[in-house]
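Observations on chain architecture
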Amino acid sequence: MSNSLTELQQKISALRDELDQHNYAYYVLDDPKVPDAEYDRLFQELKAIEADHPELITPDSPTQRVGAIPLSAFETVQHQVPMLSLDNAFSDEDLRDFDKRVKDRLKSNVDIEYACEPKLDGLAISLIYRNGVLERGATRGDGQNGEDITQNVRTIGTVPLKLRGNGYPEVLEVRGEIYMPKDGFEKLNQQARLDGSKVFVNPRNAAAGSLRMLDSRITAKRPLELCAYSVGLVEGGDMATTHTEVLQQLNGWGFKINKHMATAKSIEECLSYHQKLGELRDGLAYDIDGIVFKVNDLELQRELGFVSRAPRWAIAYKFPAQEQVTKLVDVEFQVGRTGAVTPVARLEPVFVGGVTVSNATLHNRDEIERLGVRVGDSVVIRRAGDVIPQVVSVVLERRPEDAREIVFPDDCPVCGSPVETVAGEAVARCTGGLTCQAQRKEAIKHYASRKAMDIEGLGDKLVEQLVDEQLIDSVVDLYSLDLEAVSNLERMGQKSAQNLLDGIENSKQTTLPRFIYALGIREVGEATARTLAQSLGSLEAIAAADTEQLQTINDVGPVVAHFIHEWFCRAEHQQLVEALKEAGVSWENLAVKEVAELPLAGQTYVVTGTLERFSRDEAKAFLQELGAKVAGSVSKKTQCVVTGPGAGSKLTKAQELGVEVIDEQAFVDLLRGFGINV
Ligand code: I6G
């Protein structure tokens, strides 16, 4: 009996070690050694043994990350070493002043070495390890006292339950940021919208909410991560003598540290680092709100000491805030090309995310209801990266008495046709079709746009003007525009008018994919237009295809097939195509190649991260042109993953599965190798 128990203990210990190794490789090294399925298998094996022998379960077992019985409240704990806050810098001048203060205090006239790290937008956390085992996790609180959230932090994969290797002090307090990566945040909110549960305003709030759940089983399901950035209490052992070396030590003991950590030899190098990370910011997998610069030498840090509650040896140089409060002045309803009626918030202009914003999307009727927003409210606007500014919440405390409810229109604000919402769809649509002037204008803008007919000189404003002045009513009218009439338009001379007519004339000779895309069929983007053209070769063949045949084409599902088929069935659309051909629009049909004959036939690619030269759709279209399938997630069947900066979990998964990963330059080379001129 005792023999078999020993054997079991050895088995458990071996399984735990192996799982810990895989966790470390996955989370800390970003270099998984086995597929998820293998990890799951080992995990289940350990779980089964522990279920039969609960007396052998220890708190540091990898199975103990799933959460525990809900608490009624968090206990307050005292930080033995206070958790300080950081001073902020908002300009280059502020940062140079900081450097000057440091040098003055150290009576030094030589350059100081600084450690540079992105400041993740999450929550500060303290983790205490005793003899290498996690003993307590606590929030920062007011810096002196925080809340004991041990049960919750234990569920986070990047929080080591026990330290790796050796040489760590008997008591070690590791500090860092718990954050939610952007893709995890998006998925969480998407699901919340479907379930009607709480939608979080930003990744930081989502992280905070998740970490403060009394039921740690919920925390266990949230995509949280830890990035370590310093140590607090240290007893019974010594740490390295510079900040960057300390971080390397932590990394070795199993903590994830920031990959962009660097040292700068002077404050001017710090400024370049801040600039460089500012450029990378939008492409990172997580939100950052600034850069933290720390005097790297810990002895110098001690000499510098603290002022009130912030260290003199560190500063956070903030980036422009991505959220600001402003007033909702009005809501207008815009009608798009496909009739979608979108509420647009008109705002008191506000500087956010580095630009002045005066409009933000409110998405749809459900979103207005969810936010409970009224005209006159103070609202929080978020603008992160290139994403359209969003209204993320309402400051209810500041609601004025005369705040006005937003009434979603039953009729199109432009043409008066009824607005309909298809069951199960969030979008409300004007039913006016091309009788609606708004839809007509948008259809013409789309037709003329760069990726469609590419009509030089015909921008959105001019389309508005031409329609408003009744010079055109549809895209066909473009081809009979009169020089005289155009040159009489406001701010238009004879020369510009001639340029416009030349632009229209030059665009007549086009390509089949461009023409299909220009028609503005719902759900037919550039990529689908290309595949349609390649698979069927001519417009006639596409028009004649039924939904079944259309669905045999790469990437065309039942919904898209339905839209395409329906579009070509309508008499007014057939007349439109004929009229355009008569006006001189022409293209060459394509030789239909069986997909099997194309060079990347049978291969599945995934595109992830931000590419510099292409949008994801463009990259996808090129790959499809070569016969590849482009999938949204990485699996064993994936041939290759094309990555740009900010590639997150898909890159990790590819590495885990041993799938080939190429960067943008290699992708360009691949396309060129197949004769695609990019
Ligand atoms: O809030 C913080 C974020 C990042 C920090 C910090 C940090 O280092 C990268 N470092 C210190 C020392 C403090 N807060 C107090």
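Look above for the structure.
Small disclaimer: the values here were computed from a predicted structure and weren't measured. (Residues numbered from 1 in each chain as written. Predicted model: local features only at pLDDT ≥ 70, side-chain atom pairs only at ≥ 80, totals over all residues. Heavy atoms only, no water.)

Before going further, it helps to spend a moment on the packing of aromatic side chains. Under the criterion given, the structure shown has 12 aromatic pairs. Relative to Phe43, the ring of Tyr39 lies with its centre 6.2 Å away and its plane at 20°, an arrangement referred to as stacked. Note that Tyr39 and Phe43 are positioned in helix 2 (residues 36-52) at a spacing of four residues, about one turn of the helix. Both residues of the pair, Tyr39 and Phe43, count as buried. A centroid spacing of 5.1 Å and a plane angle of 75° characterise the contact between Phe333 and Phe408, whose relative ring orientation is edge-to-face. Of this pair, Phe333 sits in strand 14 (residues 323-335) while Phe408 sits in the loop between strand 20 (404-405) and strand 21 (419-421), placing them 75 residues apart in sequence. Each member of the pair, Phe333 as well as Phe408, carries the same accessibility label: buried. Here a set of aromatic residues connected by ring pairs shows up, and it is made of Phe614, Phe622 and Phe667. For the cation-ring pair, Arg164 lies above Tyr24, with the distance from its terminal atom to the ring centre recorded as 3.7 Å. (Phe/Tyr/Trp six-rings, centres within 6.5 Å; stacked < 30°, edge-to-face > 60°. Helix = DSSP H or I, 4+ residues; strand = E, 2+ residues; numbered from the N terminus. Buried < 20%, exposed > 50% of the residue type's maximum accessible area, 1.4 Å probe, protein only. Lys NZ or Arg CZ within 6 Å of the ring centre and 35° of its normal.)

Bringing the pattern of salt bridges into the picture now. Within the structure shown, the criterion is met by 38 salt bridges. Arg382 is the salt-bridge partner of Asp287, the closest N and O atoms lying 2.8 Å from each other. Remark: Arg382 occurs in strand 18 (residues 378-382) and Asp287 occurs in the loop between helix 9 (267-280) and strand 10 (288-295); sequence separation between them is 95 residues. Just as Asp287 is buried, Arg382 falls in that class too. Across the pair Arg404 and Asp330 runs a salt bridge whose closest N-O atoms are separated by 3.7 Å. With a gap of 74 residues between them, Arg404 in strand 20 and Asp330 in strand 14 connect regions that are remote in the sequence. Here Arg404 falls in the partly exposed class, since its relative accessible area comes to 47%. Since its relative accessible area comes to 27%, Asp330 is described here as partly exposed. (Salt bridge = Lys/Arg side-chain N within 4 Å of Asp/Glu carboxyl O.)

Running from amino to carboxyl end, helix 12 (residues 437-448) crosses helix 13 (residues 460-468) at an angle of 135°, the nearest separation of the two axes being 9 Å. Between helix 12 and helix 13, the angle falls in the class oblique. Handedness of the helix 12/helix 13 crossing: right-handed. Contact residues: helix 12 offers Gln437, Lys441, Ile444 and Lys445, while helix 13 offers Asp460, Val463, Glu464, Val467 and Asp468. Residues that form the contact of helix 12 with helix 13 fall into these classes: three nonpolar, one polar and five charged. (Axes fitted to C-alpha atoms, helices over the stretch in contact; angles between N-to-C directions. Parallel < 35°, antiparallel > 145°, perpendicular 65-115°, else oblique. Left-handed = near helix turned anticlockwise from the far one by under 90°. Contact = heavy atoms within 4.5 Å. Nonpolar A, V, L, I, M, F, W, Y, C, P; charged D, E, K, R; others polar.)

Within the open sheet, the five strands sit side by side as 2-13-10-3-9. Their pairing is mixed. What marks the edges here is a single partner per strand, and that holds for strand 2 (88-89) and strand 9 (262-264). The pairing of strand 2 with strand 13 (residues 314-318) spans two bridges and is parallel. Bridge pairing in strand 13 places Ala89 opposite Tyr317. In the packing of helix 8 (residues 243-252) onto the sheet, the strands contacted are strand 3 (114-120), strand 9 and strand 10, and the crossing angle to strand 3 comes to about 55°. The strands touched by helix 9 within the sheet are strand 3, strand 9, strand 10 and strand 13, with strand 3 carrying the most contacts at an inclination of about 25°. (Pairing = 2+ DSSP bridges.)

Helix-helix packing is characterised by the crossing angle of the two axes and by the distance between the axes. Running from N to C, helix 17 (residues 526-536) and helix 22 (residues 616-625) point in directions that differ by 15°, and their axes come no closer than 8 Å. Considered as vectors, helix 17 and helix 22 are oriented roughly parallel to each other. Every pair of crossing elements has a handedness; the one defined by helix 17 and helix 22 is right-handed. The residues of helix 22 that touch helix 17, namely those facing Glu526, Ala527, Arg530, Thr531 and Gln534, are Asp617, Glu618, Ala621, Phe622, Gln624 and Glu625. Along the lines of polarity and charge, the residues of the contact of helix 17 with helix 22 split into three nonpolar, three polar and five charged.

Bringing the pairing of strand 25 (residues 638-643) into the picture now. Counting buried positions along strand 25 yields five of six residues, so the element is predominantly enclosed. Pairing of strand 23 (residues 604-608) with strand 25 involves five bridges; the strand directions are parallel. Looking at strand 25, one finds that Val606 is bridged to Val641. In the sheet, strand 25 pairs with strand 26 (residues 660-662) via three bridges, with the strands oriented parallel. Directly across from Cys640, in strand 26, lies its bridge partner Glu660. For the crossover from strand 25 across helix 23 (residues 649-657) to strand 26, the handedness is right-handed. (Right-handed = clockwise from strand over helix to strand, strands pointing away.)

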